[in-house]
There are 2 protein chains.
Amino acid sequence: MDRTKEKELAILKAATERFAQYGFAKVTMDEIASDVELGKASLYYYFPAKEDLFRAVIQHEQDEFVKAIGKIINKDISASKKLLLYVEKRLEFFEELLNLGTLNVHSFSNTKSIYNSLFEDFNSQELKLIENIIKEGKKNGEFKKSLVDDVPLVILHALQGLRFRVLRHLKGRGSDNKHVIQLKKELSLFIKIFLEGIKA
Amino acid sequence: MDRTKEKELAILKAATERFAQYGFAKVTMDEIASDVELGKASLYYYFPAKEDLFRAVIQHEQDEFVKAIGKIINKDISASKKLLLYVEKRLEFFEELLNLGTLNVHSFSNTKSIYNSLFEDFNSQELKLIENIIKEGKKNGEFKKSLVDDVPLVILHALQGLRFRVLRHLKGRGSDNKHVIQLKKELSLFIKIFLEGIKA
């Protein structure tokens, strides 16, 4: 890893910790610069604005999540187990994002467009992951051969849907844990029954 | 039916047509009064504000929907068929609400609280309907006896979730039909697989 990449990762790590602890609005670029022993000007060389840094943090989290699921897909376990693990990891990832205060960032103006482009890309990555798992399960006889092409999409959308439902109730960081616990229960029951429905 | 109730229904009917055709913002109380041949003062006796009238329209639609599903539940058909019909009718109901411009009503201030109280009540009615169907299916041996109590809730929340997902993309009345068609496909696939997953 070259020095620039290394420095960038150190900045991301520091920023992630700051955002998670204090929320986007309260964190300053000065603090992050000092965490990684950089001058403010140098930090701005890497990230021209706090919004860019935040976006990079989210992007990094998403990449790590996709990588983690990729590893699970390569494991020597059943496709059903892979799908269950995916749902579990996805919830953990979502909780991490919550902790990063993704809900409180509505305060900065162009969040929506930042999110849209970030999440669109992430969506298609997720869809591919689910497609892989379903394909594998159809191939190895675990899942029905008759499953139509839209099944992965419906899984993704149902997971997103259950999450959006809960998101509406969440006011801020970590403050509504009971909703997350309820979501966990529902996701786990949903995927269990859905697996039962697609198995050969 | 007494005259007051009759008049009220006539007002609701006229208002529903107006809202569906022109949207909440563009409809005036004068127009509705004239539709049902009432003086404006008399109309205000029934509904003190346009918001009250709109709320009554939504409430009426919800009541009719719950009644329609109640009839389906009393039919001599399988619990699976009932659940499928419920999902189908629910989408039609949702399309009707869309046509009424429920999405455009964000313009009036206290919509959110109006909606919240309306929808909370509706939610618990819907949950009871689904619970009835699942209970019947468990009793007559169609569904697994082992289904846990949260299954109806997960069905309701998944349906809502899939719908919310699409709602985010809809800009206004009837304008994004392709999203509704996609939703229809997903709902139908979802409930088919879910039914497969809960059947005995």
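Residues numbered from 1 in each chain as written. Chains lettered and ligands numbered in written order. Predicted model: local features only at pLDDT ≥ 70, side-chain atom pairs only at ≥ 80, totals over all residues. Heavy atoms only, no water.

1. So, the packing of aromatic side chains
Residue and element names in this part refer to chain A.
Okay, step 1: If you walk through the whole model with that rule in mind, you get 19 aromatic pairs over all chains.
Okay, step 2: One aromatic cluster in this structure is built from Phe65, Tyr86, Phe93 and Phe122.
Okay, step 3: In this arrangement the basic side chain of Lys50 is found over the ring face of Phe24, its NZ or CZ atom lying 4.4 Å from the centre. (Phe/Tyr/Trp six-rings, centres within 6.5 Å; stacked < 30°, edge-to-face > 60°. Lys NZ or Arg CZ within 6 Å of the ring centre and 35° of its normal.)

2. Description of the relation of the copies chain A and chain B
Okay, step 1: It takes a turn of 180° to lay chain A on chain B, together with a shift of 0.0 Å along the axis; the resulting RMSD is 0.0 Å. Within this description, the copies of the chain are treated as partners about a two-fold rotation axis.
Okay, step 2: Here 100% of the contact residues of chain A are again contact residues in chain B; the copies associate through an equivalent surface. (Least-squares fit on C-alpha atoms with pLDDT ≥ 70 in both. Contact = heavy atoms within 4.5 Å.)

3. Concerning the domain arrangement of chain A
Residues and elements named next belong to chain A.
Okay, step 1: Structurally, chain A comprises domain 1 (1–48) and domain 2 (55–198).
Okay, step 2: Looking only at domain 1, the three residues that lose the most surface to domain 2 are Leu12, Thr16 and Phe24, adding up to 53% of its buried area.
Okay, step 3: Between the two partners, domain 1 and domain 2, sit zero salt bridges.
Okay, step 4: Inspection of the region where domain 1 meets domain 2 yields zero residue pairs in polar contact (both at pLDDT 80 or more). (Domains from an automatic or database assignment. Buried area = accessible area lost by both parts, 1.4 Å probe. Salt bridge = Lys/Arg side-chain N within 4 Å of Asp/Glu carboxyl O. Polar contact = N/O pair within 3.5 Å; in protein donor to acceptor, adjacent residues only side chain to side chain.)

4. Concerning the interface of chain A and chain B
Okay, step 1: Between chain A and chain B, the contact holds 24 residues from the first and 24 residues from the second.
Okay, step 2: Regarding the contact of chain A and chain B, the summed buried area is about 2200 Å², with carbon and sulfur atoms giving 74% of it.
Okay, step 3: Here B:Glu196 and A:Lys144 are joined by a salt bridge, their closest N and O atoms 3.9 Å apart.
Okay, step 4: The interface formed by chain A and chain B includes six residue pairs in polar contact (both at pLDDT 80 or more).
Okay, step 5: For the side of chain A that touches chain B, the class distribution of residues is twelve nonpolar, five polar and seven charged. (Nonpolar A, V, L, I, M, F, W, Y, C, P; charged D, E, K, R; others polar.)

5. Things to note about helix H1 (residues 3–22) of chain A
Residues and elements named next belong to chain A.
Okay, step 1: Between its first and last C-alpha, H1 extends 28 Å over 20 residues, near the 28 Å set by a 1.5 Å rise per residue.
Okay, step 2: Taken together, the buried positions of H1 are Lys7, Ile11, Leu12, Ala14, Ala15, Thr16, Arg18 and Phe19.
Okay, step 3: On its buried face, H1 is in contact with helix H2 (29–35), helix H3 (40–46), helix H4 (50–74) and helix H5 (79–99).
Okay, step 4: Backbone nitrogen of Thr4 and a side-chain oxygen of the N-cap are separated by 3.3 Å at the start of H1; the cap is Asp2. (Helix = DSSP H or I, 4+ residues; strand = E, 2+ residues; numbered from the N terminus. Expected span 1.5 Å × (residues − 1). Buried < 20%, exposed > 50% of the residue type's maximum accessible area, 1.4 Å probe, protein only.)

6. Re the environment of B:Ser42
Okay, step 1: Here B:Ser42 shows up in helix H3 (residues 40–46).
Okay, step 2: Residues B:Ser42 and B:Ala68, 26 residues apart in the sequence, show an inter-C-alpha distance of 31 Å.

7. Section: the packing of helix H7 (residues 151–167) of chain B against helix H8 (residues 177–198) of chain B
All names here are of chain B.
Okay, step 1: Packing of H7 against H8 leaves a shortest axis separation of 10 Å and a crossing angle of 160°. Classed by the angle they form, the pair H7 and H8 counts as roughly antiparallel. When you trace H7 past H8, the crossing you get is right-handed. Of the residues in H8, those touching H7 at Val151, Val154, Ile155, Ala158, Leu159, Leu162, Arg163, Arg165 and Val166 are His179, Leu183, Glu186, Leu187, Phe190, Ile191, Phe194 and Ile198.
Okay, step 2: Partitioning the contact of H7 with H8 into residue classes produces 13 nonpolar, one polar and three charged. (Axes fitted to C-alpha atoms, helices over the stretch in contact; angles between N-to-C directions. Parallel < 35°, antiparallel > 145°, perpendicular 65-115°, else oblique. Left-handed = near helix turned anticlockwise from the far one by under 90°.)

8. Topic: unusual backbone geometry
Okay, step 1: Phi angles above zero are rare outside glycine, and A:Glu37 is one such case at about 55°.
Okay, step 2: For A:Glu37, a relative accessible area of 74% corresponds to the exposed category.

9. Let's talk about the pattern of salt bridges
Okay, step 1: A complete count under the given rule lists 25 salt bridges over all chains for this structure.
Okay, step 2: Two residues, A:Glu17 and A:Lys13, come together in a salt bridge whose shortest N-O distance is 3.8 Å. Residue A:Glu17 and its partner A:Lys13 are both found in helix H1; the two are separated by four residues, about one turn of the helix.
Okay, step 3: For A:Lys13, a relative accessible area of 56% gives the class exposed.
Okay, step 4: Residues joined in a network through salt bridges with shared partners are A:Lys144, B:Glu196 and B:Lys199.

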